Amino acid sequence: MTSQNADDFRLTVLNPGGRDSEQRFQDELAPGEGEHPPINFHAYAACTRGVYHYDTRRAIAEETPVLLLLRGEFRASERAFDELKKHQRKVVVSLKETGLHQIAQQLCDRGKLSRFMRILAQADGCIASTPEAAEIYQRTRGQHDPTTVAFIPTPYPVEDGRWNFSAPPEELTGIFVGTREWDVPSRNHFAALLVARQLCEATGEPVTVVNLDGYKARRLLWELKFPEEKFRLIEEEKSYPDYLRIVARHKLVLQLDRSHVPGQVAGDALLCRTVCVGGDGAVERIAFQKTCGEGRAINEIASIALDLLRNAESRAVVGAESQQLALQWLSFQAVRLQLANFFAQFAS
C-alpha cells in the first residue's frame, strides 16, 4: 500500500470498559488539545485520524477496522470480542499492558490465562507494541499464519512542529531520571538513581527525579544523599505538555529499565529532542540504538552518559540520528502506513 492510500485508512481502538472516554482524532492534535494526548494506544488511533472507544456498540458503528485491547480480567474484552464476531467483524487484538513483567503478572491467573488463550486462538490477528509481545502472540496462536501477527511500535508526532519541545542547547542542564517505580524490579529505579548520583558527582550536573508516591518514597530518596543544591524533586502531577517542557530542559534522560516496554520514556525524549540513555523499550531500540540499554552493562551505560554530559557535539549527533530514525519508523506517517498495510490483509 502506498503512503497516499494509507492516508485514507482509519482505525478504531477499543478499550472495553476502560476509563478513557470516546476520543476522535479527526485532526492532528496540538499539545494540550483533547482529553488524552496522542501517545501509547491512543496514538494508533491518532496517527490514522481514527477513534478511541470504550463502548463496543459505538466501536462497531464506526465501520472501520478495530483493534481490541485486552485489559483487566479480560472479561470485558472477551464480551467485546464475542460481540464483534457476532457482527462478523475481523478482530485484531493486543494486550493493553505489554511490558514483560506486566504480561507475566496478568497471565499467572488461571481464569485470565484461559480467556487470553481463547481470544488469541480465535482472533484474526494481533498487533504488538513490542517485539517480545509479538513473539508471545505468535507462539500462543501456534499454527496461524505468521503474517497475522505484527510488531508495530507506538508512534509519536515527531513530524509535527507543534510537538517539538526542544530547548536551546545553551539552556540545557542536568539529568532527568526517566523511571519512578521503586517496587517493580525490572525498572531498576534504585540502580538508575545510583548512576545518576555518580554522574552528578563527576560532572556537577543536577539530577531531576519524579516522585508521585509521597513521603515514603521521599524518605528513600533522602537516604541516597544527593547534594541538595544539585537535586530537584517533582512531586506534582503535570499535564503532558508541561511534563515534556521539564524533560526538554535536560541534557539527557537516564534509565536502566529492563522491562521491554513500548518505550514512552524514549518517546517523550524524541518529542523533547533530547537523548535517552539506558532503557530497553521498543522505541529506545529503534531510535536510540547507540545509547539504549539492550545488551549493555550498567558500567557501559554510565560511561555513555558521562561522555554525553561532557560532550555537546556527541549529544547533537545522537539526537540527530534519533530524529532521523523516528521519522522513518515511529512518526505518525510511518506507523499509519504500517497499520494500513497490516490491516489490508483482512480487507476481504
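(A) Just the overall build of the chain, in detail. A tally of helices and strands in the chain yields 15 helices and 12 strands. Relative to the globule expectation of 20 Å for 348 residues, the C-alpha radius of gyration of the chain, 21 Å, shows essentially globular dimensions. Taken over the C-alpha atoms alone, the chain extends approximately 60 × 45 × 35 Å along its principal axes. In the chain, buried positions account for 54% of the 348 residues. The long-range share in the chain, meaning contacts at least 24 apart out of those at least 6 apart in sequence, stands at 71%.

(B) Region of interest: the packing of helix α14 (residues 312–329) against helix α15 (residues 332–344). The contact between α14 and α15 brings their axes to 5 Å, and the two run at 30°. In contact with Leu327, Gln328 and Trp329 of α14, α15 contributes Ala334, Val335 and Gln338. When its residues are assigned to classes, the contact of α14 with α15 shows four nonpolar, two polar and no charged.

(C) Fine view of the sheet that holds strand β10 (residues 231–234). Taken together, five strands build an open sheet; the order of strands is β10-β9-β8-β11-β12 and the sheet is parallel. Strand pairing shows two members of the sheet lacking a second neighbour, β10 and β12 (275–277), which therefore form its edges. Between one strand axis and the next, the sheet turns through 25° on average, direction left out of account. The sheet contact formed by strand β8 (residues 175–177) and strand β9 (residues 207–210) spans two bridges and is parallel. Paired with Ile175 across the bridge in β9 is Val207.

(D) Quick look at the nonpolar core. In this structure, Leu252, Leu254 and Val277 are the most contacted members of the largest nonpolar core, which totals 54 residues. Per-element accounting of this core gives the leading share, seven residues, to helix α8 (residues 189–203). Excluding anything up to four places from it in sequence, Val277 contacts Leu252, Val253, Leu254, Gln255, Thr291, Ile301, Ile304, Ala305 and Leu308. Counting 26 residues, the second largest nonpolar core, distinct from the first, contains Ala43, Phe332, Val335 and Leu339.

(E) Summary view of the side chain of Thr130. Position of Thr130 among the secondary structure elements: in the loop between β6 (125–128) and α7 (131–141). Separated by 3.0 Å, the side chain of Thr130 and the backbone nitrogen of Ala133 make a polar contact. In this view, Thr130 contacts Thr98, Phe151, His260, Val261, Pro262 and Ala282; residues no more than four positions away in its chain are not counted.

(F) Summary view of empty space enclosed by the protein. For the coordinates displayed, the defined rule picks out one cavity of 30 Å³ or more. Roughly 40 Å³ of volume is contained in the largest cavity. Around the largest cavity, the lining residues are Glu28, Leu29, Pro38, Pro157, Asp160, Trp163 and Phe332. Class assignment for the residues of the lining of the largest cavity results in five nonpolar, no polar and two charged.

(G) Just the pairing of strand β5 (residues 91–95), in detail. Taking burial as the measure, the five residues of β5 include five buried ones, the bulk of the element. Of the two faces of β5, the one lined by Val91, Val93 and Leu95 and the one lined by Val92 and Ser94 are each fully buried. Alignment of strand β4 (residues 66–70) against β5, held across five bridges, turns out to be parallel. Across the sheet, Leu70 pairs through a bridge with Leu95, a residue of β5. With helix α4 (residues 75–86) bridging β4 and the parallel β5, this β-α-β connection has right-handed handedness. In the sheet, β5 pairs with β6 via two bridges, with the strands oriented parallel. Its bridge partner lying in β6, Val92 is registered against Gly125.

Definitions and cut-offs
Residues numbered from 1 in each chain as written. Predicted model: local features only at pLDDT ≥ 70, side-chain atom pairs only at ≥ 80, totals over all residues. Heavy atoms only, no water. Helix = DSSP H or I, 4+ residues; strand = E, 2+ residues; numbered from the N terminus. Rg over C-alpha atoms; globule rule 2.2 N^0.38 Å. Buried < 20%, exposed > 50% of the residue type's maximum accessible area, 1.4 Å probe, protein only. Contact = heavy atoms within 4.5 Å. Axes fitted to C-alpha atoms, helices over the stretch in contact; angles between N-to-C directions. Nonpolar A, V, L, I, M, F, W, Y, C, P; charged D, E, K, R; others polar. Pairing = 2+ DSSP bridges. Core = buried A, V, L, I, M, F, W, Y, C linked by side-chain atoms within 4.5 Å. Polar contact = N/O pair within 3.5 Å; in protein donor to acceptor, adjacent residues only side chain to side chain. 1 Å grid on protein atoms, 1.4 Å probe; cavity = no way out; pocket = protein on both sides within 12 Å on 5 of 7 lines; lining within 4 Å. Points joined across faces, edges and corners; volume = space filled by probe spheres on them. Right-handed = clockwise from strand over helix to strand, strands pointing away.

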